[in-house]
Amino acid sequence: MNKKLKDLIDIYFAKASNNIISQINHFDKITNSLFILTQSLFDNKEKIEYFQRELEGKFFRFGLANQSLINLIKGNEFNLVNQNAKIVDIFSINSITRMQIESFLIIYYLLFDDISTQEKNFRYNVYKLHGLQKQLEFNITSDFPKRKEFLNKIKKESNEAIKNIKNSEIYNSADKKTQYNYLNPKYAKLIKSKVLFEKSGIKDERVDEMWKIYSNYAHSEHISDRQYNSIYRIEKSVLKECSLVLSINSILTSKIIINFINQFESVKNKYLQMSADKRNQVEFWSKMEDIKS
């Protein structure tokens, strides 16, 4: 039996049997691969485009959230009514997974969508302006350290983003209403999440359905109350839920890695130098279909 076949069998049986320890080990390898590849981009001093300015920060935060998921799935140990307890907080786990799905969509939207560099730069400027305008809406009190300098910095960056938007052919070819929306964006993205689920390929794995379900946890809606009663009082197990979360996040991280290596030659070279078991994990999960259990 060759190495790749053995690895694929191990992955399949870990998932099929809800073997959480093995799944965590597999997921950790994928996350570690993302960290290594991100670092390699800068070690090799590869030139990045304007729209790729947030790449390092976004990838690091994505990997950091993955590590938080691993620690939560292993269980929180604390004193509960004078008794030592170890409880898996599935509600926080599901909320973080919802965040990871959102993060994946933004990463795909800004960095990987199959559009021109001009369009990506334009998207980035509108995305940036949206965030800066929201910051300016915050009620920053007079005792905030270096308040004036902070506000001037935000205003300067906002003006730069507006200038870049106005200099774009996309802006200049738009009608007046659309131009106004570009300069006063209501959302960080110019296209709906539904479209990004389809374009990125994760709709095929039904991640969009879980994104809707996990919204109930993030917003503390009634479905999450019902799930509490079901999971902790009736089933008294979170094994299936944790296995599903590990599958979803393995898919998201692996798809980021595959898109990443296809954009940078130095990153692809580093990927090919990585151990076969890590590459087999990434390639299995990036092509995985129908993870819903």
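Before reading on, note that the structure itself is shown above.
Residues numbered from 1 in each chain as written. Predicted model: local features only at pLDDT ≥ 70, side-chain atom pairs only at ≥ 80, totals over all residues. Heavy atoms only, no water.

For the structure on display, the rule yields 10 aromatic pairs. With 5.7 Å between their ring centres and 75 degrees between their planes, F260 and F264 make a pair best called edge-to-face. Given the relative accessible area of 4%, F264 is considered buried. Taken together, the ring pairs in this structure connect F59, F112, F260 and F264 into an aromatic cluster. (Phe/Tyr/Trp six-rings, centres within 6.5 Å; stacked < 30°, edge-to-face > 60°. Buried < 20%, exposed > 50% of the residue type's maximum accessible area, 1.4 Å probe, protein only.)

To continue, consider the environment of K287. Relative to the assigned elements, K287 resides in the segment after α14 (276-286). Residue classification places K287 among the exposed residues on the basis of a relative accessible area of 64%. (Helix = DSSP H or I, 4+ residues; strand = E, 2+ residues; numbered from the N terminus.)

This part covers the side chain of Q100. With respect to the element layout, Q100 can be found in helix α4 (residues 90-112). Reaching out from Q100, the side chain makes a polar contact with the side chain of N66 at a distance of 3.0 Å. Ignoring sequence-local partners within four residues, the contact set of Q100 consists of F62, A65, N66, N249 and L252. (Polar contact = N/O pair within 3.5 Å; in protein donor to acceptor, adjacent residues only side chain to side chain. Contact = heavy atoms within 4.5 Å.)

Let's shift gears to unusual backbone geometry. One non-glycine residue, K45, lies in positive phi territory at about 50 degrees. Secondary-structure assignment places K45 in the loop between α2 (20-43) and α3 (55-74). Note on K45: relative accessible area 73%, which makes it exposed. Phi angles above zero are rare outside glycine, and N82 is one such case at about 65 degrees.

At a closest axis distance of 10 Å, the pairing of α3 and α4 adopts a crossing angle of 160 degrees. Relative to α4, α3 is oriented roughly antiparallel. Crossing geometry of α3 relative to α4 is assigned as left-handed. Residue classes in the contact of α3 with α4 are distributed as 16 nonpolar, 6 polar and 1 charged. (Axes fitted to C-alpha atoms, helices over the stretch in contact; angles between N-to-C directions. Parallel < 35°, antiparallel > 145°, perpendicular 65-115°, else oblique. Left-handed = near helix turned anticlockwise from the far one by under 90°. Nonpolar A, V, L, I, M, F, W, Y, C, P; charged D, E, K, R; others polar.)

The next thing to look at is the pairing of strand β2 (residues 83-87). Of the strand pairs in this sheet, strand β1 (residues 76-80) and β2 are connected by 5 bridges, and their pairing is antiparallel. Across the sheet, E77 pairs through a bridge with K86, a residue of β2. Hairpin connection, β1 to β2: the antiparallel pair is bridged by 2 residues, and V81 has positive phi, about 50 degrees. (Pairing = 2+ DSSP bridges.)

Checked against the element boundaries, N44 lands in the loop between α2 and α3. Residues N44 and L136, 92 residues apart in the sequence, show an inter-C-alpha distance of 37 Å. In this structure the side chain of N44 is engaged in a polar contact, spanning 2.7 Å, whose partner is the backbone oxygen of S40.

A few words on the pattern of salt bridges. The full count for this structure, using the stated rule, is 7 salt bridges. Note that K29 and D277 form a salt bridge whose closest N and O atoms lie 2.8 Å from each other. Pair noted here: K29 is in helix α2 and D277 is in helix α14, with a separation of 248 residues, a long-range link. You can call K29 partly exposed: its relative accessible area is 22%. Ionic pairing is found between E102 and R98, a salt bridge with its closest N-O pair at 3.2 Å. Of the two residues, E102 and R98 both sit in helix α4, 4 residues apart, roughly one turn of that helix. Accessibility expressed as a relative area gives 25% for E102, which makes it partly exposed. We classify R98 as buried; its relative accessible area is 13%. Three or more residues joined by partner-sharing salt bridges are found here, namely D113, R123 and K199. (Salt bridge = Lys/Arg side-chain N within 4 Å of Asp/Glu carboxyl O.)

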